[in-house]
Amino acid sequence: MHRRAVAFATTSPLMLFNGINGDIMKVELREGSVYTSNNIKEFLEPVLKWLEAKYPQTQLLVRADSGFATPDLYNLCEEYGVSFVIRLKSNSVLKKLSKDLADEFWKTLGNDYSKNHVMYDEFYYQANSWQKPLRVICRLERAAGELLPRITFIVTTIKVFSNAVVKAYNKRGTLVVTFGYCSSGQPA
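Residues numbered from 1 in each chain as written. Predicted model: local features only at pLDDT ≥ 70, side-chain atom pairs only at ≥ 80, totals over all residues. Heavy atoms only, no water.

Draft legend 1. Seen up close, the overall build of the protein chain. From N to C terminus, the protein chain includes 5 helices and 8 strands. Along the protein chain, helices and strands appear, N-terminal first, in the series β-β-α-β-α-β-α-α-β-β-β-α-β. Residues counted as buried form 40% of the 188 residues belonging to the protein chain. When contacts within the protein chain are restricted to residue pairs at least 6 apart in sequence, those whose partners lie at least 24 apart make up 55%. In the structure as shown, the protein chain presents an accessible area of about 11,300 Å², 52% of it carried by carbon and sulfur atoms. (Helix = DSSP H or I, 4+ residues; strand = E, 2+ residues; numbered from the N terminus. Buried < 20%, exposed > 50% of the residue type's maximum accessible area, 1.4 Å probe, protein only. Contact = heavy atoms within 4.5 Å. Areas by Shrake-Rupley, 256 points an atom, 1.4 Å probe, with all protein chains shown as cover.)

Draft legend 2. View of the packing of aromatic side chains. Under the definition given, this model contains 5 aromatic pairs. Ring plane angle 20 degrees and centroid distance 5.2 Å describe the contact between Y74 and F84, whose orientation is recorded as stacked. Of this pair, Y74 sits in helix α2 (residues 71–79) while F84 sits in strand β4 (residues 83–88), and the two are 10 residues apart along the sequence. Of the two residues examined, Y74 and F84, each falls in the buried class. The interplanar angle of 80 degrees and the centroid separation of 5.2 Å between the aromatic rings of Y125 and W130 together place this pair among those described as edge-to-face. Each member of the pair, Y125 as well as W130, is classed as buried. An aromatic cluster is defined as three or more aromatic residues linked by ring pairs; in this entry it consists of Y74, F84, Y125 and W130. Positioned above the aromatic ring of F43 is the side chain of K26, whose terminal nitrogen or guanidinium carbon lies 4.7 Å from the ring centre. Over the aromatic face of Y169 sits the side chain of R63, whose NZ or CZ is 4.2 Å from the ring centroid. (Phe/Tyr/Trp six-rings, centres within 6.5 Å; stacked < 30°, edge-to-face > 60°. Lys NZ or Arg CZ within 6 Å of the ring centre and 35° of its normal.)

Draft legend 3. Just a nonpolar patch on the surface, in detail. A surface patch of nonpolar side chains, amounting to about 410 Å² of accessible area, comprises W106, Y113, L147 and L148. On the secondary structure map, W106 appears in helix α4 (residues 99–109). (Patch = residues over 30% accessible without salt bridge, like charges linked within 9 Å, V, L, I, M, F, W, Y side chains within 5 Å. Salt bridge = Lys/Arg side-chain N within 4 Å of Asp/Glu carboxyl O.)

Draft legend 4. Representation of the pattern of salt bridges in the model. Taken as a whole, this structure holds 7 salt bridges when the rule is applied. With its nearest N and O atoms 3.1 Å apart, the salt bridge here joins E78 to K132. Here E78 is found in helix α2, whereas its partner K132 is found in the loop between β5 (117–125) and β6 (134–142), with 54 residues between them in sequence. Its relative accessible area of 48% is what places E78 among the partly exposed residues. Across the pair K99 and D103 runs a salt bridge, and its minimum N-O distance is 2.8 Å. Taken as a pair, K99 and D103 lie in helix α4 at a separation of 4 residues, close to a single helical turn. Through salt bridges with shared partners, one network takes in R139, E141, E146 and R150.

Draft legend 5. Just the packing of helix α1 (residues 40–54) against α2, in detail. Between α1 and α2, the least distance of the axes is 10 Å, while the angle of their chain directions is 15 degrees. Judged by the inter-axis angle, α1 sits roughly parallel to α2. At the point where α1 passes α2, the crossing takes the right-handed sense. In contact with I40, K41, L44, E45 and L48 of α1, α2 contributes D72, L73, L76 and E79. A breakdown of the residues in the contact of α1 with α2 according to their chemical character gives 5 nonpolar, no polar and 4 charged. (Axes fitted to C-alpha atoms, helices over the stretch in contact; angles between N-to-C directions. Parallel < 35°, antiparallel > 145°, perpendicular 65-115°, else oblique. Left-handed = near helix turned anticlockwise from the far one by under 90°. Nonpolar A, V, L, I, M, F, W, Y, C, P; charged D, E, K, R; others polar.)

Written out as structure tokens, the structure is:
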């Protein structure tokens, strides 16, 4: 008996979701080795053009994970007047800029492991590849019983309090346009 081997190429779907109801707006299947943000402008721009023509008075908000934190996306959003909240990967410069917050956290909350503690800060940051400095929200959180706090950095153009930016990033259901990368078929 002969057996036939069937090889399935891995894919990395790029998916765009309507943040209000979770409907999929666009999907692009790509090879599994393609980096998350590759061709993000070509993927998103037609949708932004359509939304701008169909709903000219609508304020859009793009929510994206750190794999999309690229100048191409920032510039595209700026070109179309679209606000964004995008997580950033931690790096040595961001850690240095958030040191005062970490020091304050340990000074005021360091020995209290009994409950959840959250502190926020914000600053302007410009990576080498960015055209200009952008507002970054820093969130330091330690859950009850945990030893060390977790730090989150989010770059944004929306002008609201820091905790509201983090809430917008975490609560995708309230956003008008959300896009993300997923390999499981679920929204990122």
